[in-house]
Amino acid sequence: MAEPVLDTYIAEENLPYEFCPGCSHGKVLGALSDSLKQQGLDPTEVVIVTDIGCVGLSDKYFVTHAFHGLHGRAITYASGIKMQNPALKVVVLIGDGGCGIGGHHLLNAARMNTDVAVLVFNNFNFGMTGGQHSVTTPMDSITPTTSLGSTDAPMDIAGTAKVNGGGFIARSTAFDKDLPDMIAKAMNHDGFSLIDIWELCTAYYVVRNDFGRKEMMGYMDSMNMESGLLQETDRPSFQTSYKHIQTQAGEQKPMSGLVLETKFSSDLDKPIRIVLAGAAGQKVVSAGNLLASAATLSGLWTSRRADFPITIQTGFSVAEVVISPEPVLYSGIMKPDVAVLIAPEGKAKIARLTKAMEETDTVYYADGLGDADSDATQLPLNFPDSAKKELRKNISVLAAGYLTKQLSLFPFEALKEAVRQIQKPKIAEINLGVLAHFED
Ligand SMILES: Cc1ncc(C[n+]2csc(CCOP(=O)(O)OP(=O)(O)O)c2C)c(N)n1
Ligand code: SF4
Ligand SMILES: [Mg+2]
């Protein structure tokens, strides 16, 4: 037992408790205070996070830090607090109602083994709202919402946390003398800890179902839900594992991020918005990246976006590139200055954009795609004759080369340098061969 720091962690100025006479909630709060005393904890190192319900009244009775939020969400707040400041001891006080409403959070916190201690004030009903049935209400129970007897199978909260990998799982009752010890063990376990504490709601569940302490213990036996420690694993908590992988990542060499240094210059004096519209497999996005990278190498500002269906090798593929002498503050393209139609799928996909284009804009089109519904000037992609054999496999990089020449975006050499810097050597070799057709 550690040196006591305080005699009690209960904020005595806020007593008496607002709970109904005989309500078990006060007993569990007493056990928590005793446990904090036994652990000799500085109250400023402890955070009590309460859920909604009568249990949610509890935080004001403690001299520790406190946080009170929405029904069912206490475990999420607690996990965030612990992530942000791992030095804190974070304890969640939640009812059976909260465990039902926030069931998803409960089982995922157990799976993640997030380092919080959850004390479930399990009184088998929604106490605060008048005793409606909850996820733990025993079958056949009479409540305002099950007036002829509940037909739902009760949830085993401890069992659920256990099978989902929670590190320290126990079942206790509000009457257990060793509850302060159990709470201390839970709080000191590195991982998700949960004590399913069975209790009496004297105002509602007890009176409607003739359910006292003896009946509660009998019910525990009949359900084969044994009390005591049910699971203790040595799996490190999410916080410990996370720290470990962060350290490992720090020890590894930093990823060789691609830095495109300015090597060329450009005479471009206004932004130009380019849309390449082709089909899956035509390396359209890759051509867009080459244009953007070449522009960056030439000291320009760029943005690039890609659009394609989630399915692969089918459908459209569109690349949008904005190249500008000034920073690009909006990467969207409502009306392209230049559109390149490479395949029917892409042409159909950007029909709305080409329709918005004006006479001063240009649509370049591949064979057979020259009838776009647009006021833009429409010109064929006039590749060098020697490049015709490349059309089937490499039309997009040809289009990038063609635009570089036609629009004088930046030096052609910048496009070749982009190929060398951003593409894998084998692909780069092929593409440099394709671009050579413009220099023959
Ligand atoms: C999302 C949401 N649903 C419903 C409510 C209404 N509500 C307030 S307290 C409560 C019951 C709380 O029961 P439990 O969590 O078991 O705590 P107890 O009152 O039994 O301590 C409910 C349903 C709410 N506050 N928020
Ligand atoms: S309603 Fe039930 S849970 Fe709420 S204070 Fe009264 S006895 Fe306790
Ligand atoms: Mg309850």
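Since the structure is predicted, the reported quantities are computational estimates derived from the model, not experimental observations.

A few words on the sheet that holds strand β12 (residues 316–324). The 6 strands lie next to each other as β11-β12-β10-β13-β14-β15, forming an open sheet whose pairing is mixed. The strands lining the two open edges of the sheet, one partner per strand, are β11 (301–307) and β15 (377–380). Within the sheet, the average angular offset between the axes of one strand and its neighbour, ignoring direction, is 15°. With 8 bridges connecting them, strand β10 (residues 272–279) and β12 associate as antiparallel partners. What sits directly across from Ile-274, in β12, is Val-321. Its contacts with the sheet put helix α10 (residues 284–297) on β10, β11 and β12, and the angle it makes with β12 is roughly 10°. Each of β10 and β13 (338–341) is contacted by helix α13 (residues 391–407), which is oriented at about 155° to β10, the strand it contacts most.

Lining the immediate surroundings of ligand 1 are 18 residues, of which Gly-53, His-71, Gly-95, Gly-97 and Gly-127 lie closest. Take the shell around ligand 1: its biggest share by element is 4 residues, from helix α3 (residues 96–101).

One finds Val-92, Leu-119, Val-120 and Ile-183 to be the most contacted residues of the largest nonpolar core, which totals 65 residues. Per-element accounting of this core gives the leading share, 6 residues, to helix α6 (residues 179–188). If near-sequence neighbours (up to four positions away) are discounted, Val-92 is found in contact with Val-49, Ala-74, Ile-75, Ala-78, Val-116, Ala-117, Val-118 and Leu-119. Counting residues in each nonpolar core, the second largest holds 56 residues, with Ala-287, Val-321, Met-357 and Leu-369 among its members.

This paragraph deals with helix α15 (residues 425–435). One turn of an α-helix holds 3.6 residues; hence residues three or four places apart share an orientation. Within the span of α15, buried status applies to Asn-431, Val-434 and Leu-435. Buried residues along α15 cover an arc of 95° about the axis, so they all sit on one side. Opposite the buried face of α15, by more than 90 degrees, sit the exposed residues Pro-425, Lys-426, Glu-429 and Gly-433. On its buried side, α15 packs onto α13 and α14 (412–422).

In this structure, Asp-176 sits in the loop between β7 (168–173) and α6. Of the residues examined, Asp-176 has 20 C-beta atoms within 10 Å and is grouped as buried.

Taken domain by domain, the chain holds domain 1 (12–244) and domain 2 (272–438). Taking the mean C-alpha position of each, domain 1 and domain 2 sit 60 Å from one another.

A few words now on the site of ligand 2. Close to ligand 2 lie Phe-19, Cys-20, Cys-23, His-25, Cys-54, Asn-123, Gly-127, Met-128, Cys-201, Thr-202, Ala-203 and Tyr-204, which account for all nearby residues. Residue classes in the shell around ligand 2 are distributed as 8 nonpolar, 4 polar and no charged.

Okay, the environment of Val-340 next. Residue position: Val-340 is located in strand β13. The spacing of Val-340 and Thr-354 is 14 residues in sequence and 9.7 Å in space, taken between C-alpha atoms.

Here the amide bond leading from Leu-15 into Pro-16 is cis, since omega sits at 0°, within 30 degrees of zero. Topologically, Pro-16 is positioned in the segment before α1 (25–39). For Asn-113, which is not glycine, the phi dihedral falls at a positive 60°. Checked against the element boundaries, Asn-113 lands in the loop between α4 (103–112) and β4 (117–122).

What counts and what doesn't
Residues numbered from 1 in each chain as written. Chains lettered and ligands numbered in written order. Predicted model: local features only at pLDDT ≥ 70, side-chain atom pairs only at ≥ 80, totals over all residues. Pairing = 2+ DSSP bridges. Helix = DSSP H or I, 4+ residues; strand = E, 2+ residues; numbered from the N terminus. Axes fitted to C-alpha atoms, helices over the stretch in contact; angles between N-to-C directions. Contact = placed C-beta atoms within 7 Å. Near = placed C-beta within 6 Å. Core = buried A, V, L, I, M, F, W, Y, C linked by C-beta atoms within 7 Å. Buried ≥ 20, exposed ≤ 12 C-beta atoms within 10 Å, placed from the backbone. Arc of directions from axis to C-beta. Domains from an automatic or database assignment. Nonpolar A, V, L, I, M, F, W, Y, C, P; charged D, E, K, R; others polar.

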